[in-house]
Amino acid sequence: KRVVVQIAPAVRVAVGEAFGIPAGVNVIDKMTTALKLMGVDEVYDTNFGADMTTILEAEEFLQRLKNGGPFPMFTSCCPGWVRFLKGQFPDYTDNLSTAKSPQQMFGALAKSYFAEKIGVDPKKLFVVSIMPCTAKKAECALPTMKDEQGDQDVDVVLTTREIVRMLRDAGAKEVHVKVSAPPFLHPCYFGTDIPSSEQLIAHKRTVDEICKVIGAD
């Protein structure tokens, strides 16, 4: 299959820091080279999907203005937030935008418009997302995130640990991981399916211990 990868904005900066590049530097060009050396055919920035989501959400908002609501209109970009709202405030479900998240928007476009443009059967495309949030794994597997043939818009979502392993397998001598968020120590009630603290890697572990668990230096 033809492998198409999308990289989330947070990832392209975090990976740069991991290899000694100053914080804030966009290293998507270096990531593209590394991924293509590993056998990936196409590499894109998830910002493209984010632009499409923004446009569709804006159009939907204008349509709601004409129709009188429902308001307020909530973004549907974060699967954790969507699950939280549906689970805790189901009366507001209709207030969610109907637009797909940037990840899913890109996957849907890749297997429709992009596939048509390059003359490839969508079934021969394998779309991979490199995302900073584990909730994206559950999102791509939702039954509503499939095309008309029943195939997933996004086939696989890779985590930090999985990328670390792949980089090592590809020949990287050292892998360092930088995370801008504080340690995730307790269950999240925003929908990421974590019932207990014991399932969290940072729970009762030091930074050095976490590095050993994920295989980083």
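Structure shown above.
Counting starts from 1 at the beginning of each chain's written sequence and moves along it residue by residue. Totals for whole chains, interfaces and linings use every residue, but because this is a predicted model, local features are given only for residues with pLDDT of at least 70 and side-chain atom pairs only at 80 or more, for both listing and counting. Think of the side-chain values as coming from all heavy atoms in the structure, minus any hydrogens and water.

Visitor: Lay out the overall build of the protein in plain terms, naming residues and giving numbers.
Guide: Helix and strand counts for the protein come out as eight helices and four strands. Tracing the protein from N to C terminus, the helices and strands come up as β-α-α-β-α-α-α-β-α-β-α-α. Along the first, second and third principal axes, the C-alpha set of the protein runs to 60 × 45 × 30 Å. Residue burial is assigned from relative accessible area. The probe radius is 1.4 Å, only protein chains are included, and a residue is buried under 20% of its type maximum, exposed over 50%, and partly exposed in between. Here the protein holds 217 residues, and 37% of them are scored as buried. We call two residues in contact whenever any of their non-hydrogen atoms come within 4.5 Å of each other. When contacts within the protein are restricted to residue pairs at least 6 apart in sequence, those whose partners lie at least 24 apart make up 63%. Throughout, the Shrake-Rupley method with a 1.4 Å probe supplies accessible areas, and for residues the shown protein chains are the sole cover considered. A total of about 12800 Å² of accessible surface is found on the protein, and carbon and sulfur atoms cover 59% of it. Neither His nor the chain ends is counted toward charge; the positive residues are Lys and Arg and the negative residues Asp and Glu. For this purpose, a charge sits on NZ of Lys, CZ of Arg, CG of Asp or CD of Glu. The average position of the 25 basic charges and that of the 27 acidic charges among the side chains of the protein differ by 3 Å. Numbering of helices and strands runs from the N terminus; a helix is a DSSP stretch of H or I covering at least four residues, while a strand is a stretch of E covering at least two.

Visitor: Could you give me a rundown of the packing of aromatic side chains, with the residues and numbers involved?
Guide: Whether two aromatic rings pair depends on their centres lying within 6.5 Å, for rings of Phe, Tyr and Trp, where Trp uses its six-membered ring; planes under 30 degrees apart make the pair stacked, over 60 edge-to-face, and the rest tilted. If you walk through the whole model with that rule in mind, you get seven aromatic pairs. Where Tyr-44 meets Phe-114, the ring centres are 5.8 Å apart and the plane angle is 75°; that geometry is what we call edge-to-face. Remark: Phe-114 occurs in helix 5 (residues 102-118) and Tyr-44 occurs in strand 2 (residues 42-45); sequence separation between them is 70 residues. Classification of Tyr-44 as partly exposed rests on a relative accessible area of 27%.

Visitor: Please give an account of the sheet that holds strand 2 that cites residues and values.
Guide: Taking strand neighbours across the sheet as the criterion, the four strands line up as 2-1-3-4 in an open arrangement whose pairing is parallel. Edge positions in the open sheet fall to strand 2 and strand 4 (156-158), since each of these has one partner strand only. Ignoring which end each strand starts from, the neighbouring axes of this sheet average 25° apart. In this sheet, strand 2 lies alongside strand 1 (residues 2-7) in parallel orientation, the contact comprising four bridges. Bridge pairing in strand 2 places Val-5 opposite Val-43. Axis lines are fitted through C-alpha atoms, for helices just across the contact stretch, and the angle between N-to-C directions can take any value from 0 to 180 degrees. With respect to the sheet, helix 2 (residues 28-37) is in contact with strand 1, strand 2 and strand 3 (125-130), its orientation differing from that of strand 2 by roughly 155°. A pair of strands counts as paired when DSSP detects no fewer than two bridges linking them.

Visitor: Describe in detail the packing of helix 3 (residues 47-67) against helix 5, supporting the description with residues and values.
Guide: Axis separation between helix 3 and helix 5 bottoms out at 7 Å; the angle between their running directions is 100°. Of the possible angle classes, the one that applies to helix 3 and helix 5 is roughly perpendicular. Contacts from Phe-48, Gly-49, Ala-50, Met-52, Thr-53 and Leu-56 in helix 3 reach Pro-102, Met-105, Phe-106 and Leu-109 in helix 5. Split by residue class, the contact of helix 3 with helix 5 holds eight nonpolar, two polar and no charged. Here the word oblique covers every angle except those under 35 degrees (roughly parallel), over 145 (roughly antiparallel) and from 65 to 115 (roughly perpendicular). Polarity classes work like this: nonpolar for Ala, Val, Leu, Ile, Met, Phe, Trp, Tyr, Cys and Pro, charged for Asp, Glu, Lys and Arg, and polar for all others, with Gly in that last group.

Visitor: Lay out the environment of Arg-2 with the relevant residues and their values.
Guide: Looking at where Arg-2 falls in the secondary structure, it is placed in strand 1. Its relative accessible area of 28% is what places Arg-2 among the partly exposed residues. In sequence terms Arg-2 and Lys-123 are 121 residues apart; their C-alpha atoms lie 9.5 Å from each other. Excluding its chain neighbours within four sequence positions, the residues that come into contact with Arg-2 are Asp-41, Glu-42, Ile-118, Val-120, Lys-124, Leu-125 and Phe-126. At a separation of 2.4 Å, a polar atom in the side chain of Arg-2 contacts the side chain of Glu-42. Here a polar contact means two N or O atoms within 3.5 Å. Within protein one must be a hydrogen donor candidate and the other an acceptor candidate, and residues neighboring in sequence count only if both atoms are side-chain atoms.

Visitor: Tell me about the environment of Val-213, residues and numbers included.
Guide: Relative to the assigned elements, Val-213 resides in helix 8 (residues 207-214). Taking the C-alpha atoms as reference, Val-213 lies 29 Å from Asp-45; in sequence the two are 168 residues apart. Setting aside residues up to four positions removed in sequence, Val-213 forms contacts with Arg-161, Ile-201 and Arg-205.

Just geometry here; none of it tells us what the structure is for.
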